[in-house]
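# Architecture at a glance
Below, each chain spelled out in residue letters.
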Amino acid sequence: MVLGRQSKSDSSITQVISLAEIEETWKISASKWLQNEYRKLDFSYRSLTSVERDESLIQTVSALLSELPTAGVHRQNDWESGWGQNLEDFERNSDETSIIPKYFNKLNLVRWRQELIAPVHKNMEHQMLGFILDWISDQFLADFSNIYEFGAGTGHNLLRFRKRNDSATLWGLDWARSSQNIIQQIAERREDSNIRASYFDYFNPDETFPLADSSAVVTVASLEQIGTRFEPFLTYLMKNSPRLVVHVEPIGELLDQNNLMDYLSLEYFKKRNYLSGYLTRLRELESRQEIEIIMAQRSYMGSFFIDGYSIIVWRPVVS
């Protein structure tokens, strides 16, 4: 018997990430609404052969040894251009699938529970993120009157929030004007006057932009773009005292550097200058009783290169 190599027949067996598996991993009990949303998704996949896994690891290491664009204030024009492509597509065909960011589905593998898997459905990563947001919407956002997504991009996440909360005013804020144009067109085509857009720059927060009472703040894979320069935005949040803040971001403090897949993810965070030290800073604020951290956990879902969808939920302590 030859060890260390899966047979072709073994690797072709289709498996499914079950809801029970997700519940166990996330330590939750899915509501009937969330169960129904799960049934709309395709989480079928197959495991990798040992050869495929080696090839994917080589690809990851090669990327880490190459020149990669780093996140930061210098990328504003890139994001303006990127969302501009989605805007052109949306204007051309009016199909809301046109607003899905084009960085999804570039590579055909995703992460689940510290391993790479091969999805059957090409949009599995986007569906994974969508289900994380469904859970967050169901657990935390269903009763809010105002939900603000900072770094909203094309507004595709706002539509996930709308499914569970049909009355909230949804704000999409971004530093790219093309983002605001997309969100405004979504509102017009849906005839939803409670979807709104405004300009906001993480690096230079507009302190004259207020948060309404009974407000929740959300960031989804956007705070990652500011590296260690999160203090201005954090100061803005503390000054405005939202009732709840939810982040779905790459959070290095929650990964295991002794696990190979996590280690490579952490190295990729560093290479791209992604968000760093944020949870540590929040824990400092909690130790001074300035905030309360309600949740800080990983989803164990991610893209080819990173486990980037960890979840932090916190709120300011109002004296």
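Here the structure is shown first, and the text comes after it.
What counts, and at which threshold
- Residues numbered from 1 in each chain as written.
- Predicted model: local features only at pLDDT ≥ 70, side-chain atom pairs only at ≥ 80, totals over all residues.
- Heavy atoms only, no water.
- Helix = DSSP H or I, 4+ residues; strand = E, 2+ residues; numbered from the N terminus.
- Rg over C-alpha atoms; globule rule 2.2 N^0.38 Å.
- Contact = heavy atoms within 4.5 Å.
- Lys, Arg positive; Asp, Glu negative; His and termini not counted.
- Charge placed at Lys NZ, Arg CZ, Asp CG, Glu CD.
- Buried < 20%, exposed > 50% of the residue type's maximum accessible area, 1.4 Å probe, protein only.
- Pairing = 2+ DSSP bridges.
- Right-handed = clockwise from strand over helix to strand, strands pointing away.
- Axes fitted to C-alpha atoms, helices over the stretch in contact; angles between N-to-C directions.
- Parallel < 35°, antiparallel > 145°, perpendicular 65-115°, else oblique.
- Left-handed = near helix turned anticlockwise from the far one by under 90°.
- Nonpolar A, V, L, I, M, F, W, Y, C, P; charged D, E, K, R; others polar.
- Salt bridge = Lys/Arg side-chain N within 4 Å of Asp/Glu carboxyl O.

The next subject is the overall build of the protein chain. Counting its regular elements, the protein chain contains eleven helices and twelve strands. A globule of 319 residues ought to have a C-alpha radius of gyration of about 20 Å, and the protein chain, at 20 Å, matches this closely. Considering only C-alpha atoms, the protein chain reaches an extent of 70 × 45 × 40 Å along its principal axes. Long-range pairs, those at least 24 residues apart, make up 75% of the contacts in the protein chain with a sequence separation of at least 6. When the 34 positive and 44 negative side-chain charges of the protein chain are each reduced to one mean point, those points stand 2 Å apart.

Quick look at the pairing of strand β9 (residues 244-249) now. Within β9, six of the six residues are buried, which leaves the element mostly enclosed by the surrounding structure. Residues of β9 alternate between two faces, with L244, V246 and V248 on one and V245, H247 and E249 on the opposite face, all of them buried. Relative to β9, strand β8 (residues 215-220) is paired through five bridges, and the arrangement is parallel. When the sheet's bridge partners are listed, V218 is paired in β9 with V246. Note on the crossover from β8 through helix α9 (residues 231-240) to β9: the handedness is right-handed. Relative to strand β12 (residues 310-316), β9 is paired through five bridges, and the arrangement is antiparallel. What sits directly across from V246, in β12, is V313.

Moving on to the packing of helix α4 (residues 50-65) against helix α10 (residues 260-272). Put simply, α4 and α10 touch, their axes get as near as 10 Å, and they point 25 degrees apart. Considering the angle they form, α4 stands roughly parallel to α10. Handedness of the crossing formed by α4 with α10: left-handed. Taken together, the residues of α10 that come into contact with α4 (itself represented by R53, L57, T60, V61, A63, L64 and L65) are L260, M261, L264, E267, Y268 and K271. Of the residues that constitute the contact of α4 with α10, the class distribution is nine nonpolar, one polar and three charged.

What follows covers the pattern of salt bridges. What the rule picks out here adds up to 21 salt bridges. Of the charged contacts in the structure, one is a salt bridge between D138 and R164, with a shortest N-O distance of 2.7 Å. Of this pair, D138 sits in helix α6 (residues 124-141) while R164 sits in helix α7 (residues 156-164), placing them 26 residues apart in sequence. Here E267 makes a salt bridge to K270, at a shortest N to O gap of 3.1 Å. With E267 and K270 both in helix α10 and three residues apart, this pair spans about one turn of that helix. Each member of the salt-bridge network shares a partner with another, and the members are E37, K40, D134, R160 and K163.

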